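# Structural characterization, general
One-letter residues, chain by chain:
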Amino acid sequence: MKVGFVGLGIMGKPMSRNLMKAGHDLVVYDIVAGAVDEVVADGTVRGESAADVSARSEVTITMLPDGPEVEMAVTGPGGVLSGAAAGSIVVDMSSISPLAAQRVAAACAAKGVEFLDAPVSGGEPKAVDGTLAIMVGGRQEVFDKVLPLFGAMGSSATLTGPVGAGNVTKLANQIMVAVNIAGVSEALALATKAGLDPEVVFNAVKGGLAGSTVLNAKAPMMIGRNFKPGFRVRLHQKDLRNALLAAESMKLSLPFTSLAQQVLIALMNNGRGELDHSAIANFIEDMGSVEIKRP
Ligand code: NAD
């Protein structure tokens, strides 16, 4: 397929490479010229703008930080919709507010362009391996057309409902991850403050009901004092803000999500916004004058 890719950051670079490796013709664009240079060096074609990319593509994928960037890149001047032909498809794979995804879909529909929201879970390692979990909102017929592209970037792609459903699913994922990390942080702070070895406690509980992928990934990082990202505090704060905005629009109360989001804001304010989200433990440690580490 002729595929356009807009947004060549931590995730977009490896995702576009995997599409190319699967035999698709790629045209790429990012506002940072250096990012485009890197991907063009691998054999993709340089796009001059988002509009230029979409004009040369059957499917245009966007992978950008948040809703405002997606709205700008798709509906703004020189954006994807200025170039896209009727009948082409736009797939936004960024994690954005479901409400923003629905606004972008409406702008696409007005030009006869199809739209899917298809955020991902798995982070950079799975973007590199092509094993992302992809959560999709939109029409079945459009999903079926794009499925070969999802297959090149991910190990699963699930249509969870109409446009917006992909991002609702992603926000649900982000709530479960954030609140789980907060629970792991408090549990290991308690164990350490009580004089126990947090690694022994981790090993004792991980096979029981408290076991989780989050526990297995994040407890060793906390105990090893390794907060190199993975997934940044700043981005997780953005996701929980989007979850709370979506919840508010439905008059749904999410007290634990709200608390986790406040903790992430506090971490950003004391210079930890670029750390891995396992740094939620640092907030609990600061409050309790304790450091989660082996004695
Ligand atoms: P990033 O900041 O590394 O990359 C974003 C890219 O978009 C940058 O290269 C930036 O220059 C470009 N950009 C911004 N505005 C643009 C515009 N108007 N036109 C063209 N390019 C533009 O971010 P990332 O880590 O690649 O994340 C992208 C999305 O994926 C986010 O929504 C994030 O929440 C989500 N996500 C990230 C991870 C992760 O582990 N990094 C995991 C899952 C989901």
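As the structure is a prediction and not an experimental result, all values here were calculated from the model.

### Regarding the overall build of the chain
When helices and strands are counted, the chain shows 14 helices and nine strands. Here the C-alpha atoms of the chain give a radius of gyration of 20 Å, agreeing with the 19 Å that 2.2 N^0.38 yields for 295 residues. If you line up the chain on its principal axes, its C-alpha atoms span 65 × 45 × 35 Å. The 295 residues of the chain split such that 49% are buried. Of the contacts formed within the chain by residues at least 6 apart in sequence, a portion of 66% connects residues at least 24 apart. Only carbon and sulfur atoms are counted for the fraction: they give 60% of the accessible area of the chain, which is about 13000 Å². The distance from the centre of the 25 positive side-chain charges to the centre of the 28 negative ones in the chain is 3 Å.

### Some words on the pattern of salt bridges
For the structure on display, the rule yields 19 salt bridges. Of the charged contacts in the structure, one is a salt bridge between Asp52 and Arg56, with a shortest N-O distance of 2.8 Å. One salt bridge in this structure joins Asp239 and Lys238, with 3.0 Å as the shortest N-O distance. For the pair Asp239 and Lys238, one class covers both residues: buried. Each of Lys13, Arg17, Glu38 and Asp42 takes part in salt bridges that share partners, so that together they form one network.

### Some points on the domain arrangement of the chain
In terms of domain boundaries, the chain breaks down into domain 1 (2-161) and domain 2 (168-288). Counting from both sides, the interface comprises 13 residues of domain 1 and, opposite them, twelve residues of domain 2. Taking both partners together, domain 1 and domain 2 bury about 980 Å²; carbon and sulfur atoms supply 59% of that area. Inspection of the region where domain 1 meets domain 2 yields one salt bridge. One salt bridge in this structure joins Asp66 and Arg241, with 3.6 Å as the shortest N-O distance. At the junction of domain 1 with domain 2, the criterion picks out five residue pairs in polar contact (both at pLDDT 80 or more). Elements with a minimum of two residues in the side of domain 1 that touches domain 2: α6 (98-110) and β7 (120-121).

Conventions used here
Residues numbered from 1 in each chain as written. Predicted model: local features only at pLDDT ≥ 70, side-chain atom pairs only at ≥ 80, totals over all residues. Heavy atoms only, no water. Helix = DSSP H or I, 4+ residues; strand = E, 2+ residues; numbered from the N terminus. Rg over C-alpha atoms; globule rule 2.2 N^0.38 Å. Buried < 20%, exposed > 50% of the residue type's maximum accessible area, 1.4 Å probe, protein only. Contact = heavy atoms within 4.5 Å. Areas by Shrake-Rupley, 256 points an atom, 1.4 Å probe, with all protein chains shown as cover. Lys, Arg positive; Asp, Glu negative; His and termini not counted. Charge placed at Lys NZ, Arg CZ, Asp CG, Glu CD. Salt bridge = Lys/Arg side-chain N within 4 Å of Asp/Glu carboxyl O. Domains from an automatic or database assignment. Buried area = accessible area lost by both parts, 1.4 Å probe. Polar contact = N/O pair within 3.5 Å; in protein donor to acceptor, adjacent residues only side chain to side chain.

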